[in-house]
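Structure assessment
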Amino acid sequence: MKVNDGWESLGTFIVEYQAQTETKNEQQQFRTLVTQMDVEKDDEADSNEWSGLEVEAPCGWIGMRLLGKLTSLFGVREEDE
């Protein structure tokens, strides 16, 4: 997708940190959910989730998704970065 000044979007991701309280014992639970929004028109948004409040794992997942996009568009490999 083209945006201002010739820049092209390579990925759009939503990172959600969610909480819920179990009704039985009032214990708080957390999870991290990452959704990639800019997938092919016929595909649903791709997502991944982790229990707890994660930082590194979602960043790694996003990085791998971007690397796949770069490889498919420009032939970029990990060692080229």
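The structure we're discussing is the one just above.
Residue numbers run consecutively from 1 along every chain, following the written order of its sequence. Reporting in this predicted model follows two pLDDT cut-offs: at least 70 for local features of residues, and 80 or more for side-chain atom pairs to be given and counted; totals over whole chains, interfaces and linings ignore these cut-offs and use all residues. In computing side-chain properties, one takes all heavy atoms of the structure into account and sets aside hydrogens as well as water.

**Notes on the nonpolar core**
Under the convention used in this document: Joining through side-chain atoms within 4.5 Å is the link that ties buried Ala, Val, Leu, Ile, Met, Phe, Trp, Tyr and Cys residues into a set, and such a set is a nonpolar core. Residue burial is assigned from relative accessible area. The probe radius is 1.4 Å, only protein chains are included, and a residue is buried under 20% of its type maximum, exposed over 50%, and partly exposed in between. By the convention used here, residues are in contact when the closest approach between their heavy atoms is within 4.5 Å.
Phe 13, Val 34, Trp 50, Trp 61 and Ile 62 form the largest nonpolar core, which has five residues in total. Beyond its immediate chain neighbours, meaning those up to four positions away, Trp 61 contacts Phe 13, Val 34, Gln 36, Asp 46, Ser 47, Asn 48 and Trp 50.

**Comments concerning the pattern of salt bridges**
Heads up, the condition is: The term salt bridge refers to a side-chain nitrogen of Lys or Arg lying within 4 Å of a carboxyl oxygen of Asp or Glu. Helix and strand assignments come from DSSP, with helices taken as H or I runs of at least 4 residues and strands as E runs of at least 2, each series counted from the N terminus.
Per the stated rule, a full pass over the model turns up two salt bridges. Measuring nitrogen to oxygen at the nearest pair gives 3.3 Å for the salt bridge that ties Glu 49 to Arg 31. With Glu 49 in strand β3 (residues 46-51) and Arg 31 in strand β2 (residues 28-36), this residue pair connects regions lying 18 residues apart in the sequence. Its relative accessible area of 44% is what places Glu 49 among the partly exposed residues. You can call Arg 31 partly exposed: its relative accessible area is 33%.

**Description of the sheet that holds β3**
Condition: Pairing between strands requires that DSSP locate at least two bridges from one strand to the other. Note on geometry: axes are C-alpha line fits, over the in-contact stretch for helices, and angles between N-to-C directions span 0 to 180 degrees.
Spatial strand order, β1-β2-β3: three strands in an open sheet with antiparallel pairing. Strands at the two margins of the open sheet, each flanked by one partner only, are β1 (13-21) and β3. Across the sheet, the mean angle from the axis of one strand to that of its neighbour is 20°, orientation sign disregarded. Summarising the sheet, β1 and β2 pair through nine bridges and their orientation is antiparallel. Bridged to Ala 19 within β2 is Phe 30. The strands that helix α1 (residues 56-74) touches are β1, β2 and β3; relative to β3, the one it contacts most, it runs at about 160°.

Spatial relationships are all this shows, so hold off on functional conclusions.
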